[in-house]
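Close look at the chain arrangement
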Amino acid sequence: MADKFISLEGIAKRYGEATIFENLWLAMNRGEFTCVIGHSGCGKTTVLNILAGLDEPTEGTVIVDNQSIAGPSLDRAVIFQGHSLLPWRTVMGNVAYAVSSKWRRWNSAQVKAQAQKFIDLVGLTGSEHKRPSELSGGMKQRVGIARALSIQPKMMLMDEPFSALDALTRGTLQDEVRRICQETGQTTFMITHDVDEAIYLADKIVLMTNGPGAVMAEIVENPLPKSRERVGIHKHPLYYPLRNHIIDFLVTRSRTFVAQTPGFDTRHVPVVRPGFDTPEVPADSTVIRLAGHAH
Ligand SMILES: Nc1ncnc2c1ncn2[C@@H]1O[C@H](COP(=O)(O)OP(=O)(O)OP(=O)(O)O)[C@@H](O)[C@H]1O
Ligand SMILES: [Mg+2]
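Worth saying up front: this structure is predicted, and the values here are computed from it rather than measured.

1. Overview of the overall build of the protein chain
Within the protein chain, the regular secondary structure consists of 7 helices and 12 strands. Rg of the C-alpha trace for the protein chain: 19 Å, near the compact-globule value of 19 Å for 295 residues, within the 12% margin. Overall, the C-alpha framework of the protein chain stretches about 60 × 45 × 35 Å when taken along its three principal axes. Buried residues in the protein chain amount to 51% of all 295 residues. Relative to all contacts within the protein chain whose residues are 6 or more apart in sequence, the contacts with residues 24 or more apart total 69%.

2. Let's talk about the site of ligand 1
By nearness alone, every residue bordering ligand 1 is listed as Tyr 15, Ile 20, His 39, Ser 40, Gly 41, Cys 42, Gly 43, Lys 44, Thr 45, Thr 46, Glu 160 and His 193. Take Lys 44: an N or O atom from its side chain is 2.8 Å from an oxygen atom of ligand 1. Thr 46 places a polar side-chain atom, nitrogen or oxygen, 2.5 Å from an oxygen atom of ligand 1. Taking 650 Å² as the accessible area of ligand 1 by itself, protein coverage stands at 56%. With 3 residues, helix 1 (residues 44-52) is the single largest residue contributor to the shell around ligand 1. Residues of the shell around ligand 1, tallied by class, amount to 3 nonpolar, 7 polar and 2 charged.

3. Things to note about the confidence of the model for the protein chain
For the protein chain, the average pLDDT comes to 89, and 92% of its residues sit at 70 or higher. This model gives residues 278-295 a pLDDT under 50, and the stretch forms 32 contacts once residues within four places in sequence are excluded.

4. Structural notes on helix 2 (residues 91-102)
With 12 residues, helix 2 extends 17 Å between its outermost C-alpha atoms, agreeing within 8% with the 16 Å of an ideal straight helix rising 1.5 Å per residue. For helix 2, a buried count of 9 out of 12 residues is recorded, marking the element as mostly surrounded by other parts of the structure. Taken together, the buried residues of helix 2 touch helix 3 (108-121) and helix 4 (137-150).

5. Points about the pattern of salt bridges
Tallied over the entire structure, the rule returns 15 salt bridges. Linking Asp 75 and Lys 154 is a salt bridge whose minimum nitrogen-to-oxygen distance equals 3.6 Å. Of this pair, Asp 75 sits in the loop between strand 5 (67-68) and strand 6 (76-79) while Lys 154 is found in the loop between helix 4 and strand 7 (155-159), placing the two residues 79 residues apart along the sequence. A salt bridge links Arg 273 to Glu 221; the shortest N-O distance between them is 3.1 Å.

Scoring rules and cut-offs
Sequence positions are assigned chain by chain, starting from 1 and proceeding in written order. The lettering of chains begins at A and the numbering of ligands begins at 1, in the order of writing. For a predicted model such as this one, the threshold for reporting local features is a pLDDT of at least 70, and the threshold for listing and counting side-chain atom pairs is 80 or more; totals across whole chains, interfaces and linings nevertheless cover every residue. As a rule here, side-chain values come from all non-hydrogen atoms in the structure, and water together with hydrogens is ignored. Note on conventions: DSSP H or I runs of at least 4 residues are helices, E runs of at least 2 residues are strands, and numbering of each starts at the N terminus. C-alpha atoms define the radius of gyration, and 2.2 Å times the number of residues to the power 0.38 defines the globule rule. Three labels apply to residues, based on accessible area from a 1.4 Å probe with only protein chains included: buried if under 20% of the type maximum, exposed if over 50%, partly exposed otherwise in between. Should any heavy atoms of two residues lie within 4.5 Å, those residues are considered in contact. If a single non-hydrogen atom of a residue is within 4 Å of a molecule or strand, that residue counts as near it. Pairs of N or O atoms are called polar contacts if they sit within 3.5 Å, as long as, within protein, a hydrogen donor faces a hydrogen acceptor (for residues adjacent in sequence, only side-chain-to-side-chain pairs). Computed with a 1.4 Å probe, the accessible areas rest on the Shrake-Rupley method; for each residue, only the protein chains presented here act as cover. Any residue that is not Ala, Val, Leu, Ile, Met, Phe, Trp, Tyr, Cys, Pro, Asp, Glu, Lys or Arg is counted as polar, Gly included; the first ten are nonpolar and the last four charged. Scored between 0 and 100, pLDDT is the confidence that the predictor attaches to each residue. To estimate how far a helix should reach, multiply one less than its number of residues by 1.5 Å. Salt bridges are counted wherever a side-chain nitrogen of Lys or Arg sits within 4 Å of a carboxyl oxygen of Asp or Glu.

Quick look at the structure:
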């Protein structure tokens, strides 16, 4: 890979006799947006927690920027589904607290300026003095995003960050996260159950099979243009081939993949570009070409 920045190196998670997954390998490049899709219980949150350093793999390791990780770090910011704001602090207080944890020698003006920049970025200008109890669900989630971004982490980790929101708010926040990630070049790893959300946001969509013994079956490269917009995305000729490919995986192949693919090499997960021939073949990957949809 050109610029392998974060990688899972053969990680396994077991609870006693139960193997949730084993031998998972995945590399992410700097600035890349990776989504993981898979059925409930396959181990997505476990992978994210291991990336965050909040959980330990039974085997294997995680490398971030050429170093193996040990425990949580301000290099990796997590956004959970249920935002975990400090209820007694204001919006500014919550974000500033994170900023001052990262840059302990900064004076209060520096901390405030950094916090304000990210409060502005997520569209909360004017709400700096509100406390979490005075905010809507979407606004709280924005504070969580501002707080995560304000420490300028090497990686942002999101576990179904929008699933508790109404459709309109979810759409707006997806637009904002997409814009911010593009503007800041933020490397992001996100779990979602929402196929359209993954197609809109992700550069790469990792398809996980059902557990126990879950594997990453495919890395789907998003063939839609980087400049895609929510409006009209479904009219792009590659949209349905991509969407159908993912849904087909979730509906049938996620259950049968392991049995039907004996000897599957989890270290070399195939890279797939639905509806498109593959111009670049990563040296260490098998590429499955899906014929018949290219335009
Ligand atoms: N402490 C534990 N002891 C035993 N099994 C556990 C423990 N914690 C999690 N598991 C199991 O690990 C598996 C993976 O859990 P995980 O939360 O990672 O799934 P997930 O893919 O995030 O699911 P969801 O989509 O529902 O959030 C589940 O089958 C769960 O039952
Ligand atoms: Mg989960």
